[in-house]
Amino acid sequence: MISGGLDSLLAARVVMEQGVHVEGINFYTGFCVEGHTHAIRKKDRARPKRNNALWSAEQLGIKLHIVDIIDEYKDVVLNPRHGYGSNLNPCLDCKIFMVEKAHAWIEANDFDFIVTGEVIGQRPMSQRRDTMPVIARDSGAADRLVRPLCAKNLPETLPEREGWLDRDRLHAFSGRSRKPQMALAASFGFTDYAQPAGGCCFLTDRQYSVKLADLWQSRGRRDYELDDIMLLKVGRHLRPRPGFKLIVGREEGENKFLEGYRKRFVHMFPVSHTGPLVLLDGELGEGDLELAARLTARFSKGRDAASVTVQAGGPDGKVQTLDVVPLPGEDIPADWYL
Amino acid sequence: MTDTFLDARRLLCPLPVIRTQDAVQKLRHGQTLRVLCSDPGVLHDIPAWCRVHGHEVLDIQEAEDEIAIRILVCNPD
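Source: prediction; values computed, not measured.

A.B. asks: Tell me about the overall build of chain B, and name the residues and values.
C.D. replies: Within chain B, the secondary structure is distributed over 2 helices and 4 strands. Counted from the first residue to the last, chain B has its helices and strands arranged as β-α-β-α-β-β. The C-alpha radius of gyration computed for chain B amounts to 11 Å, which stays within 12% of the reference 11 Å derived for 77 residues, consistent with globular compactness. Projected onto its principal axes, the C-alpha coordinates of chain B cover approximately 35 × 25 × 15 Å. Looking at chain B as a whole, 38% of its 77 residues are labelled buried. When contacts within chain B are restricted to residue pairs at least 6 apart in sequence, long-range pairs at least 24 apart make up 63% of them.

A.B. asks: Quick rundown of the overall build of chain A? Include the residues and the values.
C.D. replies: Along its length, chain A carries 12 helices and 10 strands. In terms of principal-axis extent, the alpha carbons of chain A reach across some 75 × 40 × 35 Å. Each of the 338 residues in chain A was classed as buried or not, and the buried ones make up 44%. Sequence separation of 24 or more characterises 65% of the internal contacts of chain A that already satisfy a separation of 6 or more.

A.B. asks: Just give me the short version of the interface of chain B and chain A, but keep the residues and values in it.
C.D. replies: Facing the 17 residues of chain B at the interface are 19 residues of chain A. If you list the elements that add at least two residues to the side of chain B that touches chain A, you get helix 1 (15-25) and helix 2 (42-53) of chain B. Per-element tally for the side of chain B that touches chain A: the top contributor is helix 2 of chain B, with 7 residues.

A.B. asks: Quick one: what's the story with the sheet that holds strand 3 (residues 56-63) of chain B, residue by residue and with numbers?
C.D. replies: Residues and elements named next belong to chain B. Read from one edge to the other, the open sheet built from 4 strands follows the order 1-2-4-3, with strand pairing classed as mixed. Two strands bound the open sheet, and with one partner strand each, they are strand 1 (4-8) and strand 3. Across this sheet, the average inter-strand angle for adjacent strands is 15 degrees, counted without regard to direction. Relative to strand 2 (residues 32-37), strand 1 runs parallel, the two sharing 5 bridges. The residue bridging Ala8 from the neighbouring strand is Cys37, located in strand 2. Contacts between helix 2 and the sheet are confined to strand 2, strand 3 and strand 4 (66-72), with strand 4 contributing the most and set at about 10 degrees to the helix.

A.B. asks: Requested: an account of the confidence of the model for chain B, with residues and values cited.
C.D. replies: The share of residues in chain B with pLDDT of 70 or more is 97%, and the mean pLDDT across the chain is 94. Scoring of the predicted complex yields 0.91 for pTM and 0.95 for ipTM.

A.B. asks: Pulling in residues and values, what's your account of the domain arrangement of chain A?
C.D. replies: Per the domain assignment, the segments of chain A are domain 1 (6-188) and domain 2 (234-336). Look at where the C-alpha atoms of domain 1 of chain A and domain 2 of chain A centre, and you get two points 42 Å apart.

A.B. asks: Which residues make up the environment of A:Asn52, and what values do they have?
C.D. replies: Within the fold, A:Asn52 resides in helix 3 (residues 52-60). Along the primary structure A:Asn52 and A:Arg128 are separated by 76 residues, whereas in three dimensions their C-alpha atoms are 25 Å apart.

A.B. asks: Quick one: what's the story with the packing of helix 5 (residues 91-108) of chain A against helix 6 (residues 132-139) of chain A, residue by residue and with numbers?
C.D. replies: Residues and elements named next belong to chain A. Following both chains from N to C, one finds helix 5 and helix 6 inclined at 45 degrees, their axes separated by 8 Å at the closest point. One way to sum up the angle between helix 5 and helix 6 is to call them oblique. Helix 6 is crossed by helix 5, and the crossing has right-handed handedness. Residues Lys95, Ile96, Val99, Glu100 and His103 of helix 5 form the contact with helix 6, whose own contacting residues are Ile135, Asp138 and Ser139. Across the contact of helix 5 with helix 6, the residue classes break down as 3 nonpolar, 2 polar and 3 charged.

A.B. asks: Describe in detail the nonpolar core, supporting the description with residues and values.
C.D. replies: Residue and element names in this part refer to chain A. The biggest cluster of nonpolar side chains holds 108 residues, and the ones touching the most others in it are Ile114 and Val278. Looking at which element gives the most residues to this core, the answer is helix 5, with 8 residues. Split by domain, this core shows at least three residues from each of two domains, domain 1 (6-188) and domain 2 (234-336). Once residues within four sequence positions are removed from consideration, Ile114 is found in contact with Met1, Val99, Ala102, His103, Ile106, Ala141, Arg144, Leu145 and Val146.

Scoring rules and cut-offs
Numbers given to residues run from 1 along each chain, matching the order in which its sequence is written. Chain letters start at A and ligand numbers start at 1, both assigned in the order the entries are written. In keeping with the model being predicted, local features are shown solely for residues with a pLDDT of at least 70 and side-chain atom pairs are shown and tallied solely at 80 or more, while totals for entire chains, interfaces and linings include all residues. In this text, helices come from DSSP runs of H or I with a minimum length of four residues, and strands from runs of E with a minimum of two, each type numbered from the N-terminal end. Put simply, the radius of gyration uses C-alpha atoms, and a globule should come to 2.2 Å times the residue count raised to 0.38. To assign burial, the other C-beta atoms lying within 10 Å of each residue's own C-beta are counted, with C-beta atoms placed from the backbone; 20 or more indicates buried, 12 or fewer indicates exposed, and intermediate counts indicate partly exposed. The contact rule is simple: place each C-beta atom from the backbone, and if two of them lie within 7 Å, those residues are in contact. Each pair of strands is called paired provided DSSP finds at least two bridges between the two strands. Lines fitted to the C-alpha atoms define the axes, with helices restricted to the stretch that makes contact. Angles between their N-to-C directions range from 0 to 180 degrees. The predictor's confidence in any single residue is recorded as pLDDT, a number from 0 to 100. These domain limits were set by an automatic method or by a database of domain assignments. Under this scheme an angle from 65 to 115 degrees is roughly perpendicular, one under 35 degrees roughly parallel, and one over 145 degrees roughly antiparallel; angles in between are oblique. The handedness criterion is simple: a crossing whose near helix is rotated anticlockwise from the far helix by less than a right angle is left-handed, and one whose near helix is rotated clockwise is right-handed. In this count, Pro and Cys sit with the nonpolar residues alongside Ala, Val, Leu, Ile, Met, Phe, Trp and Tyr, while Asp, Glu, Lys and Arg are called charged and the others, Gly among them, polar. We call a set of buried Ala, Val, Leu, Ile, Met, Phe, Trp, Tyr and Cys residues a nonpolar core when their C-beta atoms link them within 7 Å.

Structural data, given as structure tokens:
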């Protein structure tokens, strides 16, 4: 299982050193940080972009199979048997689910075992001495799950018993220190690798989790579609009323991304001044369109003008123009911001 | 031979790569796939995916906000 981080890169390489044929598998949940916001935001476009899992596969000289698990993953996010971490991150259930999927994949493709970069004590939920056996058991992979970086701290697995892997050439890493991994990376000649540990999933992000919880609360049900979770990554989110929310583009790249949703949402943008594209999510009550227009004006270059002209459009194609006074900053309660 | 066409516009990476992977799996050795994308991340990711799987990128064309990548499927066995 190749995440794109250092540990999975090393784990695969340790096994390959023993002459084992390895192919990589990587899962896409929709919550993966991997490049999305960089792709959207114009100011980030100059930053080098690479998919770290693909990059790892290239370093290793192996194939990489990227699997879309967006729909199936919903149940993991919505109903985690083992609960959430400090935010809406269901790390233990996530790991069990991914190993289960990997196990099904190896059975379908005639592979013998699964390799992960897990290290005992590395992460608070999914990489603990008491939870790592749970992953092996609940995923169904059992002793076909090998963790080469900490294998000597764990019971023997099938590949070790069968002699496919020499246990003596596996490792006994533990804890949060990265030094053993960095030393091993250096011994393999890996000098450039993704910075590891924790930053790969939006669900571990507090602000993102707040927005996701708000989405569920406002809809009265815990559910989401891919577009929902993509939109939570973009723009400034304000909820002036329980029933509706504004998503305000913060710069040109975000405005362009939000444009793709104009046929699905009531939307608005200033025409007398430069400013954001704003999507209105939810049911608009009396006065809400004008309030949204005043907020749109507030986030435009006309924020200090006496009047800003805002054009609003709906999914039905109807267009209307509103001349509004920009809402003063002090009139925007802090709790509107998600 | 006519290219098979894949529209991956408005998808953000890695989805264009996944859709490319799925489309290539349905093609035979020597067939070509033309993928149309809007995420500039594909400029790196689709060629990288092709390299690790042994497929060949024949051509990349960039226009404003759109990128077209032509792939030759190489599955000799």
